[in-house]
Amino acid sequence: DYQRMALMMAAEKIEWYDAFIKPYLTSGGIVICDRWAACSGAYQGVTPELHGYILSINQPVPHPDFTIYLRMDDVEELARRAGCGVDNEHATVERLTAIQQRYEDTMGIWQHDYTARLSVTVDGMTPDEVAERVASAIVARFPDVFKGGA
């Protein structure tokens, strides 16, 4: 049942935030975390009805101050998965397209509601190009932390 699974994942995220992320941020730390709130909306909320529900149950966890969204062509993603031996049982172009649309919907909602938050979209090129663009985006967002560059 999607709602039960969504509630369990939201509870886990809230617990993780309260136990680890919030104390570290409170002490002045910077947290880099993959697949945070936007991921929940994208992977679990692949229908419009579920998307809003997923975002609402994840509200106790703050939105990130900065988000880097890695976007890749669906066909290219399937090819890379196959090349790495990743299980593609549930990965179809249609499903990946729906997930990508939910990510973009979530990012659009955040940019509308949280205009002070910065997000960067990095199109999936070669892994080295993606790494370079991600590092540049982080250094640009946190110049005081990375004074010497990435």
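Read on for a plain summary of the structure. (Residues numbered from 1 in each chain as written. Predicted model: local features only at pLDDT ≥ 70, side-chain atom pairs only at ≥ 80, totals over all residues. Heavy atoms only, no water.)

1. Considering a nonpolar patch on the surface
Side chains of Ile-30, Ile-32, Val-145 and Phe-146 sit close together on the surface and give an oily, nonpolar patch of about 360 Å² of accessible area. Structurally, Val-145 is set in the segment after helix H6 (127-141). (Patch = residues over 30% accessible without salt bridge, like charges linked within 9 Å, V, L, I, M, F, W, Y side chains within 5 Å. Areas by Shrake-Rupley, 256 points an atom, 1.4 Å probe, with all protein chains shown as cover. Salt bridge = Lys/Arg side-chain N within 4 Å of Asp/Glu carboxyl O. Helix = DSSP H or I, 4+ residues; strand = E, 2+ residues; numbered from the N terminus.)

2. Re the packing of aromatic side chains
For the structure shown, the criterion picks out 1 aromatic pair. On the numbers, 4.3 Å between centres and 40° between planes, the contact of Trp-16 with Phe-20 is tilted. Here the residue Trp-16 and the residue Phe-20 both occupy positions in helix H1 (residues 2-26), the gap between them amounting to 4 residues, near one helical turn. Its relative accessible area of 43% is what places Trp-16 among the partly exposed residues. Assessed through its relative accessible area of 49%, Phe-20 is described here as partly exposed. One cation-aromatic arrangement involves Arg-141 over Phe-142; the distance from NZ or CZ to the ring centre is 4.9 Å. (Phe/Tyr/Trp six-rings, centres within 6.5 Å; stacked < 30°, edge-to-face > 60°. Buried < 20%, exposed > 50% of the residue type's maximum accessible area, 1.4 Å probe, protein only. Lys NZ or Arg CZ within 6 Å of the ring centre and 35° of its normal.)

3. Some details on the nonpolar core
In this structure, Ala-38, Cys-39, Ala-42, Tyr-69, Ile-99, Tyr-103 and Met-107 together form the largest nonpolar core, which totals 7 residues. Breaking this core down by element, the ones donating at least two residues are helix H2 (37-43) and helix H5 (93-113). With 6 residues, the next largest nonpolar core counts Val-122, Val-130, Ala-137 and Ile-138 among its residues. (Core = buried A, V, L, I, M, F, W, Y, C linked by side-chain atoms within 4.5 Å.)

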